[in-house]
2 protein chains.
Amino acid sequence: MKPNFDFEEVKQVVIDCLRKKGLRRTPERFQILRHIYERGGHFDADTLYVELRNKGINVSRATVYNTLDLFTKCGILTSHFFTPHHIVYDFSYKAKQHEHLYCEVCGKIEEFCDPRLSIIEEDVQKLTGFKVTKRSVVFRGICPECQRKIKD
Amino acid sequence: MKPNFDFEEVKQVVIDCLRKKGLRRTPERFQILRHIYERGGHFDADTLYVELRNKGINVSRATVYNTLDLFTKCGILTSHFFTPHHIVYDFSYKAKQHEHLYCEVCGKIEEFCDPRLSIIEEDVQKLTGFKVTKRSVVFRGICPECQRKIKD
DNA sequence: TTACCTGCAAAGGGTTTGCAGAGTC
DNA sequence: GACTCTGCAAACCCTTTGCAGGTAA
């Protein structure tokens, strides 16, 4: 799925975010940004590290972790905790709010949208006084493929 | 909040579960069960370990982790991943399905219920073919107390 | 008696940190 | 030139595992 914006646009968002925080525009940060822009989908830090090294971009793990955290704070990435010890990210700049289906058998992640969730979120905010900044809705279970495999 | 069932009832559920799995009824398992029955609320493995030791119940960490995992499989506990490296449990036997509000500032966990979520879950199952076995809905944000503190 | 279970301590795996050198502003 | 960032490797933190002794069935 091709993103509906060009790289320069996200880059500008990151630049603004760096400026606001008084941080530097290092080549590593933009190399990582370009890579996640191009690859899309869900990924974790180590996968990204390996992919970058394979591309000949010699960043360290520390930089990858640091940068993913930075991009999350910039609103470019969203982090998910599907399992302990493991942070999964997705590129969420200009992405429609979406939720996740997580297959407990094969680990596959799928997405879905439901406008009713925003209404619920709104109601819960009013009811509880919590100021919600991020919602994470995960339905865990077994994907169709794994259901079929189990039957056999 | 006092549970609406007595200890013997949950104990029986665990006994049935152990029998089905061919596992043993050890004193440690029932000591841990009694403790989490009495304390209620949300907790993690290490908190439980410390509480048990303070009570004079000399279980090991390995046993605590093993037992929490067992109880989760028995359907007595539900596990949550609010942050990485950290599993939070709640006692879910005979508990109404509920969702969580997580304060990103102080870590406080609150609960809420909304029957509309079950409808959404049902619809998503039909639409995607995923067989949902567990749902986790977490609204992250700032609790009313922390909002007040920040203003000051 | 036959596993399974426990306690202890050490290992595991993703993430974070400390430090010296490099690079941005 | 000041200060942050990077790379490397070691440290961290929960959680899991291996092993020898104990114990339920």
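About the cut-offs
- Residues numbered from 1 in each chain as written.
- Chains lettered and ligands numbered in written order.
- Predicted model: local features only at pLDDT ≥ 70, side-chain atom pairs only at ≥ 80, totals over all residues.
- Heavy atoms only, no water.
- Domains from an automatic or database assignment.
- Contact = heavy atoms within 4.5 Å.
- Salt bridge = Lys/Arg side-chain N within 4 Å of Asp/Glu carboxyl O.
- Polar contact = N/O pair within 3.5 Å; in protein donor to acceptor, adjacent residues only side chain to side chain.
- Helix = DSSP H or I, 4+ residues; strand = E, 2+ residues; numbered from the N terminus.
- Nonpolar A, V, L, I, M, F, W, Y, C, P; charged D, E, K, R; others polar.
- Near = heavy atom within 4 Å.
- Pairing = 2+ DSSP bridges.
- Axes fitted to C-alpha atoms, helices over the stretch in contact; angles between N-to-C directions.
- Buried area = accessible area lost by both parts, 1.4 Å probe.
- Buried < 20%, exposed > 50% of the residue type's maximum accessible area, 1.4 Å probe, protein only.

A. Up close: the domain arrangement of chain A. Residues and elements named next belong to chain A. Taken domain by domain, chain A holds domain 1 (1-94) and domain 2 (96-152). Look at where the C-alpha atoms of domain 1 and domain 2 centre, and you get two points 23 Å apart. In this assembly, ten residues from domain 1 lie in contact with nine residues from domain 2. Taken together, the connections running from domain 1 to domain 2 amount to zero salt bridges. The tally of links from domain 1 across to domain 2 stands at six residue pairs in polar contact (both at pLDDT 80 or more). Elements supplying a minimum of two residues to the side of domain 1 that touches domain 2: β2 (77-83) and β3 (86-91). Partitioning the side of domain 1 that touches domain 2 into residue classes produces three nonpolar, five polar and two charged.

B. Highlighting the protein's contact with DNA strand D. Taken together, 21 residues form the shell around DNA strand D, and within it R24, N58 and T63 of chain A together with Y65 and I87 of chain B come nearest. When atoms of DNA strand D within 4 Å of the protein are sorted by moiety, sugar and phosphate together comprise 71%. Contact distances for DNA strand D include 2.2 Å between a base oxygen and a side-chain N or O atom of R24 of chain A. In this structure, a phosphate oxygen belonging to DNA strand D sits 2.8 Å away from a main-chain N or O atom of I87 of chain B. Among the secondary structure elements, those contributing two or more residues to the surface near DNA strand D are α2 (27-39) and α4 (61-74) of chain A together with α4 (61-74) and β3 (86-91) of chain B. If you tally residues by element for the surface near DNA strand D, the top one is α4 of chain A, at three residues. Tallied by class, the residues present in the surface near DNA strand D amount to seven nonpolar, eight polar and six charged.

C. View of the sheet that holds β2 of chain A. Residue and element names in this part refer to chain A. Read across the open sheet, the three strands follow the order β1-β3-β2; overall the sheet is antiparallel. Both edges of this open sheet fall to β1 (42-44) and β2, since each of them pairs with a single strand only. On average, each strand axis in the sheet is inclined to that of its neighbour by 35 degrees, with strand direction left out of account. Pairing of β1 with β3 involves three bridges; the strand directions are antiparallel. Bridged to H42 within β3 is D90. Helix α3 (residues 45-54) contacts β1 and β3 of the sheet and is inclined by roughly 90 degrees relative to β1.

D. Spatial organisation of the interface of chain B and chain A. Counting from both sides, the interface comprises 37 residues of chain B and, opposite them, 37 residues of chain A. Ranking the residues of chain B by area buried against chain A places F81, F130 and F139 of chain B at the top, with a combined share of 22%. Across the chain B-chain A interface, the total number found is two salt bridges. Residues R116 of chain B and D123 of chain A are paired through a salt bridge, measuring 2.9 Å at the closest nitrogen-oxygen approach.

E. Focus on the pattern of salt bridges. All names here are of chain A. Tallied over the entire structure, the rule returns 27 salt bridges over all chains. Residue K55 is joined to E38 by a salt bridge in which the shortest nitrogen-to-oxygen separation is 3.4 Å. Here K55, found in the loop between α3 and α4, pairs with E38, found in helix α2; they are 17 residues apart in sequence, far enough to count as distant. For E38, a relative accessible area of 48% puts it in the partly exposed group. Residue K73 is joined to D69 by a salt bridge in which the shortest nitrogen-to-oxygen separation is 2.9 Å. Taken together, the residues K73 and D69, both in helix α4 and four residues apart, mark about one turn of the helix. Exposure remark for D69: the relative accessible area of 38% places this residue in the partly exposed category.

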